[in-house]
Amino acid sequence: MVFNIFRKKEQPAGAGVAESLEKTRGGLFGAVRNMFQARRELDAAFWDELEERLIQADLGAHTTADLVDTLRETHDKRRFDSPEQAEAALRQEMMRLLGGGTVGLNLPLPLAVILVVGVNGVGKTTSIAKLAKFLAQSGRKPLLVAGDTFRAAAIDQLKVWGERVAVPVVAQGPGSDPSAVVFDGIKAARARGADVLIVDTAGRLHTKINLMEELKKVQRIVQRQIPDAPHETLLVLDAVTGQNALVQAKSFTQAVGVTGLVLAKLDSSSKGGVVFSIAQELSLPIKFVGTGERVDDFAPFDAGEFAGALFAE
Amino acid sequence: MFEALTDRLQGVFKDMRSKGRLAEEDIDEALREVRLALLEADVNFKVARDFIRRVKERATSLEVLESLTPAQQVLRIVDEELVATLGGEPGRIDWTGKTPAPVMLVGLNGAGKTTSAAKLALTLRKLGQRPLLVACDTYRPAAVAQLETLGRQIGAEVYEEGTHASPVDIARRSVEYGREHGYSINIIDTAGRLQIDERMMDELVQIKAAIQPTEVLLVANAMTGQEAVSVAQQFHEQVGLTGLILTQMDGDARGGAALSIRAVTGVPLKFLGMGEKIEALQAYYPDRLASRILGMGDMLTLIEQTQELYDQEEAEKLQKKLVKGQFTLDDFLGQLQQIKRMGSLSSIMDMIPGLSQLTRRPEFAAALDEKQFKRVEAMILSMTVKERQNPVILDGSRRRRIARGSGTSVHEVNQLLNQFRQMQGMMKQIGRGKIPKGIAGLMG
Ligand SMILES: Nc1nc2c(ncn2[C@@H]2O[C@H](COP(=O)(O)OP(=O)(O)OP(=O)(O)O)[C@@H](O)[C@H]2O)c(=O)[nH]1
Ligand SMILES: [Mg+2]
């Protein structure tokens, strides 16, 4: 049975989400909107400014050029009567890139496994705590696995979070084999009747082959226990990251088959615009956004809502 | 992934060379490529624009247009301007005027402050200082424990008061403690924070006022995107920065953020963080970073890193072999062993122009896998000295013998030999002086 958490009626609203999107749109898309409104003519200067805005939101030179070109061509063909029309067209095109809609998690019973991966410091452990609380509130029974046995005090960090969100944590000592911890985690989950296992992993640069191999091994161990697991492999990206996020998404996808993204730190002044390129090139859905350091600063990503909010007043 | 700037520029300039003379449009075309490279490297849009404007002014002077080697001239200007913007001298830490000298580390969440604090302590100790680590991140769960663990690892004392005292008080008392216990530098690890979080930024201002640090270092991730500019600007305006540490430079991010930060704040880049292991920070050299931002590889750093692990003599021997194209299977094994010790093949390979694509190939990834590596080692060790020096003599029966001797298969032996041939080819190219020293050398 596939349990789609997003279809649940009662969704705990991430407190900071609306607020952060506010900031995001105030920063960039508000400006784009103002641009559209302030100009009567879509002249060369207009297109240049649009390009500048998109690049400054980290959409990257290529995706920006694609977007601006598409819009320009449309304009050449059928002339936007008003800046509002141009804006609507841009929004539609951006929505198209994101793939539209909300993509839920695939968390079948009796036991689903979520592997959380990403480069160092992006917000994996914090996002796991947030996700655990989110799932618990939607009626699931999560169990956390301290798979980061490498970084100093990473295990303590997850334990503190576990206490805060009242979700149990399975851990071994620092330096132990992550695969062994995960193996234990699965056993513990079965023994305690937990139905979602969320595995924290050490931050690793996608360029470190041996560390990527370690991740594959964790995945194999999980698979051996539960054939169709991990059911979700979530890549956490830091909204502050620029074009390298695309490289990260590609490498992690190649190594462990990422099923979705978590975009953390959306409360920063950055816009995370690189996700447009990622969505375009890899068709990876963004599943959640992190909007602060507190456990409730978290929400399912909704492309429609996102794009809409970006252009709202 | 990104088409190397070098290749693209070579294309542009090849067309030009055939025309003999350079026109202004040619320069525009070349600079468009440079601009794209800068944007791909996350250099801030405005910084890139100003930069291109400056280069263009210089490049359209008559002197350049009429020179016999206009392409080289343009590239030299790009290089010079880039290096100039990135700053002159590798940075140093100021610990004068105060004992202990407080050094504050500040930055966004997850930038790498705590790891950098420990690395800085190690770096300073090598310079004969007595550093004390100070745990002022009372917010992130287990941040204090993290610093303590790192302190233990490098044998440095950590001053901490748990998570209940205020960071301002902890910082202040750490200075007294340092003075009483004969420490020369207090390295203050602060919590990660957003530059737009007024309350948290105010805390930094208060810490600074309380301890009057000799250095306030911004720790920023090499992967930071366009917002690096406003992050650095805000930290600089509110707290007053004296330097920058750029972390995660062991990855493949091009690090354009450094150029942006430098351009808008004028704050010097002091050190680079090159890995998770607590080892000394690396001094930073503008010319190397310039070629990396442009996507042209960083041969000098590579050579240096390799040399640190090889002894000097061996490095020179290898260098000679490279030049003569006498790279043998023994050397190949030696290289694999070295690279394994250095941690990551691809981070090394990424420093060499043209090689980064190669490292993404599965054969190479496989060769470094722990088990695979043992097999490669076994195969090479099953060869005679002659065979290792001259693998051409490895016919079918010799290959079968090696496969048997090493407990592998002929297929694997064949694979290894193919890999080796590829590597040999590359090494020859590098040996032939295709090592780019700055940009100017590239277009010859
Ligand atoms: N402002 C903000 N900070 C966040 C968010 N998510 C995480 N952080 C902060 O980012 C820093 C790093 O978070 P972690 O969760 O430890 O990141 P990680 O990916 O687990 O880090 P490593 O395990 O060291 O690779 C911490 O200071 C978190 O509080 C977010 O959505 N917004
Ligand atoms: Mg973590």
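Look up: the structure comes first, before these words.
Conventions used here
Residues numbered from 1 in each chain as written. Chains lettered and ligands numbered in written order. Predicted model: local features only at pLDDT ≥ 70, side-chain atom pairs only at ≥ 80, totals over all residues. Heavy atoms only, no water. Buried < 20%, exposed > 50% of the residue type's maximum accessible area, 1.4 Å probe, protein only. Helix = DSSP H or I, 4+ residues; strand = E, 2+ residues; numbered from the N terminus. Pairing = 2+ DSSP bridges. Contact = heavy atoms within 4.5 Å. Axes fitted to C-alpha atoms, helices over the stretch in contact; angles between N-to-C directions. Phe/Tyr/Trp six-rings, centres within 6.5 Å; stacked < 30°, edge-to-face > 60°. Lys NZ or Arg CZ within 6 Å of the ring centre and 35° of its normal. Near = heavy atom within 4 Å. Polar contact = N/O pair within 3.5 Å; in protein donor to acceptor, adjacent residues only side chain to side chain. Areas by Shrake-Rupley, 256 points an atom, 1.4 Å probe, with all protein chains shown as cover. Buried area = accessible area lost by both parts, 1.4 Å probe. Salt bridge = Lys/Arg side-chain N within 4 Å of Asp/Glu carboxyl O. Nonpolar A, V, L, I, M, F, W, Y, C, P; charged D, E, K, R; others polar. Core = buried A, V, L, I, M, F, W, Y, C linked by side-chain atoms within 4.5 Å. Domains from an automatic or database assignment. Parallel < 35°, antiparallel > 145°, perpendicular 65-115°, else oblique. Left-handed = near helix turned anticlockwise from the far one by under 90°.

(A) Quick peek at helix H12 (residues 286-293) of chain B. Judged by how many residues are buried, H12 of chain B sits mostly within the fold: seven of eight residues are covered. Here H12 of chain B has its buried residues at Pro-286, Arg-288, Leu-289, Ala-290, Ser-291, Arg-292 and Ile-293 of chain B.

(B) Fine view of the sheet that holds strand S3 (residues 158-159) of chain B. Residues and elements named next belong to chain B. Strand order across the open sheet formed by eight strands is S3-S2-S4-S1-S5-S6-S7-S8, with mixed pairing between neighbours. Of all the strands in the sheet, the pair left with one neighbour each is S3 and strand S8 (282-283). Strand direction decides the pairing type here: strand S2 (residues 131-136) and strand S4 (residues 185-190), joined by six bridges, are parallel. Considered in S4, the bridge of Cys-136 is made with Thr-190. Across the sheet, helix H7 (residues 143-154) is in contact with S2, S3 and S4; its angle to S2 comes to roughly 165 degrees.

(C) Focus on the packing of aromatic side chains. Overall, the coordinates contain five aromatic pairs over all chains when judged by the stated rule. Consider the rings of Phe-134 of chain A and Phe-288 of chain A, whose centres lie 5.4 Å apart with planes at 80 degrees: the pair is edge-to-face. Residue Phe-134 of chain A is found in helix H5 (residues 124-137), and its partner Phe-288 of chain A is found in strand S7 (residues 286-290); the two are separated by 154 residues along the sequence. The two residues Phe-134 of chain A and Phe-288 of chain A agree in class, both being buried. Within the aromatic cluster, the residues linked to one another by ring pairs are Phe-134, Phe-288 and Phe-298 of chain A. If you follow Arg-164 of chain A out to its NZ or CZ, it ends over the ring of Trp-161 of chain A, 4.9 Å from the centre. The residue whose ring lies beneath Arg-130 of chain B is Tyr-183 of chain B, and the NZ or CZ to ring-centre distance is 4.4 Å.

(D) Main features of the site of ligand 1. Taken together, 23 residues lie near ligand 1, and Lys-124, Thr-125, Thr-126, Arg-151 and Asp-267 of chain A sit nearest. This site is not confined to one chain, since residues near ligand 1 come from chains A and B. In the environment of ligand 1, an oxygen atom lies 2.9 Å from a nitrogen or oxygen atom belonging to the backbone of Lys-265 of chain A. Within the side chain of Asn-109 of chain B, an N or O atom sits 3.4 Å from an oxygen atom of ligand 1. Computed on the free molecule, ligand 1 has an accessible area of 650 Å², of which 96% lies beneath the protein chains in the complex. When residues of the shell around ligand 1 are assigned to their parent elements, the largest contribution, four residues, is made by H5 of chain A.

(E) The arrangement of the environment of Asp-50 of chain B in detail. Residues and elements named next belong to chain B. Mapped onto the elements, Asp-50 comes out in helix H3 (residues 45-59). What makes Asp-50 partly exposed here is its relative accessible area of 39%. When the C-alpha atoms of Asp-50 and Val-134 are compared, they prove to be 40 Å apart, with 84 residues separating the residues in sequence.

(F) Summary view of unusual backbone geometry. Of note, the bond from Ala-229 of chain A into Pro-230 of chain A is cis; its omega dihedral lies within 30 degrees of zero at -10 degrees. Relative to the helices and strands, Pro-230 of chain A is located in the loop between helix H8 (209-225) and strand S5 (232-238). The step from Thr-99 of chain B to Pro-100 of chain B runs through a cis peptide bond, and the omega angle for that step is -5 degrees. Mapped onto the secondary structure, Pro-100 of chain B falls in the loop between helix H5 (70-86) and strand S1 (101-106). Backbone geometry places Asp-58 of chain A, a non-glycine residue, at a positive phi of 70 degrees. Checked against the element boundaries, Asp-58 of chain A lands in the loop between helix H2 (44-56) and helix H3 (61-78).

(G) How the structure looks around the side chain of Thr-64 of chain A. Residues and elements named next belong to chain A. Here Thr-64 shows up in helix H3. A relative accessible area of 0% means that Thr-64 is categorised as buried. Within polar-contact distance, the side chain of Thr-64 engages the backbone oxygen of Gly-60 at 2.7 Å. Leaving out residues up to four positions away in the same chain, Thr-64 has contacts with Glu-51, Leu-54, Ile-55 and Leu-59.

(H) Molecular detail of the interface of chain B and chain A. Facing 45 residues of chain B, the contacting portion of chain A comprises 45 residues. Summing the contributions of chain B and of chain A, the shared interface buries around 3,800 Å²; its carbon and sulfur component is 58%. Area buried by chain B at its contact with chain A is led by Pro-141, Met-223 and Glu-276 of chain B, which between them contribute 16% of it. Joining chain B to chain A, the criterion identifies three salt bridges. For the side of chain B that touches chain A, the elements supplying multiple residues, two or more each, are helix H2 (24-40), H3, H7 and helix H16 (345-349) of chain B. Of the residues that constitute the side of chain B that touches chain A, the class distribution is 16 nonpolar, 17 polar and 12 charged.

(I) Geometry of the environment of Val-229 of chain B. All names here are of chain B. For Val-229, the location among the structural elements is in helix H10 (residues 228-239). C-alpha separation for the pair Val-229 and Gly-87, spaced 142 residues apart in sequence, amounts to 17 Å. Sequence-distant contacts of Val-229, defined by excluding residues within four places in its chain, comprise Asn-44, Val-47, Ser-260 and Val-264.

(J) Spatial organisation of the pattern of salt bridges. Counted under the stated rule, the structure contains 27 salt bridges over all chains. In this structure, the salt-bridge partner of Lys-208 of chain A is Asp-250 of chain B, at a minimum N-O distance of 2.6 Å. In this pair, Lys-208 of chain A is assigned in the loop between strand S4 (196-201) and H8 and Asp-250 of chain B in the loop between strand S6 (243-247) and helix H11 (256-265), connecting two distinct chains. The structure contains a network of salt bridges with shared partners spanning Arg-54, Arg-58, Glu-80 and Glu-81 of chain B.

(K) View of the nonpolar core. In terms of nonpolar packing, the biggest core is built from 162 residues, with Ile-114, Leu-131, Leu-135, Ile-198 and Phe-252 of chain A together with Leu-38 and Phe-235 of chain B touching the most fellow members. Sorting elements by how many residues they give to this core places H3 of chain B first, with seven residues. Mapping this core onto the domain boundaries places at least three of its residues in each of domain 1 (3-85) and domain 2 (101-296) of chain B. Every residue in contact with Ile-198 of chain A, bar those within four places of it in the chain, is listed here: Ile-114, Val-116, Ile-128, Leu-131, Ala-132, Leu-135, Pro-142, Leu-143, Leu-144 and Val-145 of chain A. One finds Ala-152 of chain A together with Ala-117, Leu-122 and Ile-185 of chain B within the second-largest nonpolar core, a separate group that totals 28 residues.

(L) Structural context of the packing of helix H7 (residues 178-192) of chain A against H8 of chain A. All names here are of chain A. Two numbers describe how H7 lies on H8: the axes approach to 9 Å, and their chain directions differ by 30 degrees. Compared by their axis directions, H7 and H8 come out roughly parallel. Note that H7 runs across H8; the crossing there is right-handed. Between H7 and H8, the residues in contact are Pro-178, Ser-179, Val-182, Phe-183, Ile-186 and Arg-190 and Glu-214, Lys-217, Val-218, Ile-221, Val-222 and Gln-225, respectively. By residue class, the composition of the contact of H7 with H8 is seven nonpolar, two polar and three charged.

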